[in-house]
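# Architecture and fold: a report
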Amino acid sequence: MFIFKTSGKTFDSVIRHQKHAFKTKPRDWEPGEIVLVSKNKKDCKPGEKQISYTMRLQNIRETTDGEIEIYWPDNPGRWNYIVDCTDKERLPIPFNLEDIIGDASQEYKPILTFKKVKPDHEKAILAWLGAIVY
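Just so we're clear, the structure is a prediction, and the values are computed from it rather than from any experiment.

With that settled, consider the packing of aromatic side chains. With the rule as written, the count across this model stands at eight aromatic pairs. An aromatic cluster is present here, built from F2, F4, F22 and F114 joined pairwise through their rings. Over the ring of F11 we find K39; its NZ or CZ atom is 4.9 Å from the centre of that ring. Geometry around Y108 places K115 over its ring, the cationic atom sitting 5.8 Å from the centre.

Now for the state of the cysteines. Under the criterion given, the structure shown has zero disulfides. Between C44, a free cysteine, and C85, which holds the nearest cysteine sulfur, the sulfur-to-sulfur gap is 19 Å. When its relative accessible area of 15% is taken as the criterion, C44 is described as buried.

This brings us to the pattern of salt bridges. Under the defined criterion, the tally for this structure stands at nine salt bridges. Salt-bridge contacts for E33 lead to K116; the nearest nitrogen and oxygen are separated by 2.3 Å. In this pair, E33 sits in the loop between β2 (19-22) and β3 (34-39) while K116 sits in strand β6 (residues 114-116), placing the two residues 83 residues apart along the sequence. Using a relative accessible area of 11% as the deciding quantity, one classes E33 as buried. Salt-bridge contacts for K49 lead to D99; the nearest nitrogen and oxygen are separated by 3.0 Å. Linking K49 in the loop between β3 and β4 (51-62) with D99 in helix α3 (residues 97-101), this pair joins segments that are 50 residues apart in sequence. On the basis of relative accessible area, K49 is assigned to the partly exposed category, the value being 30%. Salt bridges sharing common partners tie together K19, R61, E67 and D84.

Definitions and limits used
- Residues numbered from 1 in each chain as written.
- Predicted model: local features only at pLDDT ≥ 70, side-chain atom pairs only at ≥ 80, totals over all residues.
- Heavy atoms only, no water.
- Phe/Tyr/Trp six-rings, centres within 6.5 Å; stacked < 30°, edge-to-face > 60°.
- Lys NZ or Arg CZ within 6 Å of the ring centre and 35° of its normal.
- Disulfide = S-S within 2.5 Å.
- Buried < 20%, exposed > 50% of the residue type's maximum accessible area, 1.4 Å probe, protein only.
- Salt bridge = Lys/Arg side-chain N within 4 Å of Asp/Glu carboxyl O.
- Helix = DSSP H or I, 4+ residues; strand = E, 2+ residues; numbered from the N terminus.

Don't take any of this as a statement about function, it's just geometry.
Here it is as structure tokens:
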């Protein structure tokens, strides 16, 4: 499981196209792995939870400025990789990491774009999601 952070400015395009772009290439990923799409807290409306969608990793590949322009205009040179995803799901009950893993969520605050979720945190998140999504 990964958490991908996105700004409010790029969030809708990430969800609509099931793609995210990064400067560096995520490592230790597997096709089909769950992605939690997290909107930056500062971009959330009052009362809005950060994680309202999940997707599944399909592919990670190099990109071009031309392709970036299609999905996220006016960002030339900003990103080098695109992550293609599938199986977008809107969560019936959005959440913040601290809702599930409490103070351990502090480990994920400094991430700028993506982070692999620790196995014990993944287990807690999957248990919470339960039959809601999977």
